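Summary of the model geometry
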Amino acid sequence: MKPVILYNAYKPFANFIKKFDIYESLYVVWAYAQNLQYDMPIPNDISFPRFMNGKHVVWKRAYNASEWELEYLTKEIILNCEEKEDAMTLLKY
């Protein structure tokens, strides 16, 4: 693949994710990772299908983000997000 094609595919995602606050976004990713890896409950301030709490880890991996997806999202949040007061929120996604 040519670099231009990759850049054109990546840039819309980078532009979208930069609309979110960095600290809030990292908090949401952390909560999902804790739930997936250690079965910790998702905090109530994060919108999450409550029926998934307490489910077996195999079920969660089938219907939720996997660890590598959360890792990638964390990297993109760190690269593209800033501290913003009027940012979009991941708490309700």
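Residues numbered from 1 in each chain as written. Predicted model: local features only at pLDDT ≥ 70, side-chain atom pairs only at ≥ 80, totals over all residues. Heavy atoms only, no water.

Grouped together as the largest cluster of nonpolar side chains are 16 residues, with contacts concentrated most on Val 28, Tyr 32, Ile 42, Ile 46, Ile 77 and Cys 81. Contributing elements (two or more residues each) for this core: α2 (22-38) and α4 (67-80). (Core = buried A, V, L, I, M, F, W, Y, C linked by side-chain atoms within 4.5 Å. Buried < 20%, exposed > 50% of the residue type's maximum accessible area, 1.4 Å probe, protein only. Helix = DSSP H or I, 4+ residues; strand = E, 2+ residues; numbered from the N terminus.)

Here Asp 39, not a glycine, exhibits a phi torsion of approximately 60°, which is positive. Mapped onto the fold, Asp 39 is located in the loop between α2 and α3 (57-63).

What follows deals with the confidence of the model for the protein. Per-residue pLDDT for the protein averages 85, and the proportion of residues at 70 or more is 83%. Ranking the helices and strands of the protein by mean pLDDT puts α4 first, with 95, and α3 last, with 65. (pLDDT = per-residue confidence, 0-100.)

What follows concerns the side chain of Ser 25. Mapping Ser 25 onto the fold places it in helix α2. Using a relative accessible area of 1% as the deciding quantity, one classes Ser 25 as buried. A distance of 2.7 Å separates a polar side-chain atom of Ser 25 from the backbone oxygen of Asp 21. For Ser 25, the residues in contact, after removing those within four places along its chain, are Phe 20, Ile 77 and Leu 90. (Polar contact = N/O pair within 3.5 Å; in protein donor to acceptor, adjacent residues only side chain to side chain. Contact = heavy atoms within 4.5 Å.)

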